[in-house]
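This is what each chain is made of:
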Amino acid sequence: MLTTRFCETFGVRHPVVQGGMQWVGRAELVAAVAEAGALGFLTALTQPTPEALAAEIRRCREMTDKPFGVNLTILPSINPPPYDEYRRVIIESGIGVVETAGFNPAEHIPEFREAGVKVLHKCTSVRHALKAEKVGADAVSIDGFECAGHPGEDDVPGLVLIPAAVRRLSIPVIASGGFADGRGLVAALALGADGVNMGSRFLCTVESPVHHRVKERIVAGTERDTELIFRSLNNTARVASNTVSRKVVEILDGGGTFPDVRELVTGARGRKVFEEGDLEAGIWSVGLTQGLIDDIPTVREAVDRIIAEAEELIARGLPALRVDDGAAHGDRERGAARV
């Protein structure tokens, strides 16, 4: 069985994570991920109140007795949600692992650690990952530029970001952004990561609580069918390419400011996409990995396939690589690299 220190630290069978996704991280999906042996996260702020989060945790526990966590995304704002109340619900509900994201989790980590809750912090740079380790995170999930949602402002892809983080950190590192299959998992492990975090792949599964038309669009999409919005606002986000996201890019590239696009990018419009299947209703997140996704499996089918493919690749070696004693003679076979 493929296992890493992440599996041992967080008590899961497979080194695969379903990170928090707004409007998506609900009990149906998270329970299915847990039952498949991976680590899934309910999204706290998908629930309108801390009390609603407590109810969603109870609902998830009715579906699985396997470990799962809660994502708490911390976003500085004029009128922030009651983060302390959400944190209290997480602790009082007996959740064993939290995924923090969006901002420095230092304010929240001491209380989580005191309650025995392990913290996985999502970062977009090595400097942020080092800070998370310093303030007490048990592991980090590091987002490369390929990811859906917010990739940060450094534009560093995972192929560089992952090993750059691994060589500086002592805690487990989960590779995020650009992963959808067993090949990606093996690549992440080769780069030194302890597992992978996948969003778009889990978004496009049977149990994902979004409209089927969203899933069909992901299957039909390619790696070119995303837009980077909010670049000029230093708050870059990768979203699906549609009339709304292209309009946002056009306005901001033309010198517009956030008030000029505010009504186009409201969360209510994005929620309508997921719930009603109106793909042009608003902006919605998807990563470059939609170019690797060509079906809508159950969560278990997706996880089992990823692990089986990874184990096979590790067992038999990379298909394009072989040791050739005759390499010095200049022999070269089509499609084979030599050592």
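Below, the structure is looked at part by part. Computed from a prediction, not measured in an experiment: that's the story for all the values here. (Residues numbered from 1 in each chain as written. Predicted model: local features only at pLDDT ≥ 70, side-chain atom pairs only at ≥ 80, totals over all residues. Heavy atoms only, no water.)

With respect to the environment of His 212
Along the chain, His 212 turns up in helix H10 (residues 212–220). A relative accessible area of 42% means that His 212 is categorised as partly exposed. (Helix = DSSP H or I, 4+ residues; strand = E, 2+ residues; numbered from the N terminus. Buried < 20%, exposed > 50% of the residue type's maximum accessible area, 1.4 Å probe, protein only.)

Description of the pattern of salt bridges
According to the stated counting rule, one finds 17 salt bridges in the structure shown. Taking the shortest distance from any N to any O, the salt bridge between Lys 122 and Glu 99 comes out at 4.0 Å. Here Glu 99 lies in strand E4 (residues 97–101) and Lys 122 lies in strand E5 (residues 118–123), a separation of 23 residues in the sequence. Note on accessibility: Lys 122 and Glu 99 belong to one class, buried. (Salt bridge = Lys/Arg side-chain N within 4 Å of Asp/Glu carboxyl O.)

Describing the packing of aromatic side chains
The full count for this structure, using the stated rule, is 3 aromatic pairs. For the pair Phe 274 and Trp 284, a centre-to-centre distance of 6.3 Å together with 70 degrees between the ring planes defines the contact as edge-to-face. With Phe 274 in helix H13 (residues 267–276) and Trp 284 in the loop between H13 and helix H14 (299–316), this residue pair connects regions lying 10 residues apart in the sequence. It is Arg 238 that lies over the ring of Phe 145; its NZ or CZ is 5.0 Å from the centre. (Phe/Tyr/Trp six-rings, centres within 6.5 Å; stacked < 30°, edge-to-face > 60°. Lys NZ or Arg CZ within 6 Å of the ring centre and 35° of its normal.)

Digging into the pairing of strand E7 (residues 173–176)
Side chains of E7 alternate between two faces, with Val 173 and Ala 175 and Ile 174 and Ser 176 buried alike. Two elements, strand E6 (residues 139–143) and E7, share 4 bridges in a ladder whose sense is parallel. Within E7, the position partnered with Ile 142 by the bridge is Ala 175. For the crossover that starts at E6, traverses helix H7 (residues 158–166) and ends in the parallel E7, the hand is right-handed. Relative to strand E8 (residues 196–197), E7 runs parallel, the two being bridged by 2 bridges. Residue Ser 176 lies in a different strand from E8, and its bridge partner there is Asn 197. A crossover links E7 with its parallel partner E8, the connecting element being helix H8 (residues 182–190), and its sense is right-handed. (Pairing = 2+ DSSP bridges. Right-handed = clockwise from strand over helix to strand, strands pointing away.)

Quick word on the pairing of E5
The buried fraction of E5 is high, at 5 of 6 residues. Alignment of E4 against E5, held across 4 bridges, turns out to be parallel. By the bridge assignment for E5, Val 97 is matched with Lys 118. On the question of chirality, the crossover connecting E4 to the parallel E5 by way of helix H5 (residues 109–114) is right-handed.

Comments concerning helix H3 (residues 50–63)
Its 14 residues place the ends of H3 20 Å apart at the C-alpha level, agreeing with the 20 Å of an ideal helix rising 1.5 Å per residue. The complete set of buried residues in H3 reads Pro 50, Ala 52, Leu 53, Ala 54, Glu 56, Ile 57 and Cys 60. (Expected span 1.5 Å × (residues − 1).)

Regarding H10
Among the residues making up H10, those that are buried are Val 214, Lys 215 and Ile 218. The arc enclosing the buried residues of H10, seen along the axis, measures out at 100 degrees, which places them on a common side. Summarising the contacts, the buried residues of H10 are in contact with helix H9 (200–203) and H13. (Arc of directions from axis to C-beta. Contact = heavy atoms within 4.5 Å.)

Description of the sheet that holds E6
Read around the closed barrel, 8 strands run E1-E2-E3-E4-E5-E6-E7-E8, paired in parallel fashion. As judged from the 2 bridges shared by strand E1 (residues 16–18) and E8, these two strands associate in the parallel manner. Paired with Val 16 across the two strands is Val 196, which belongs to E8.

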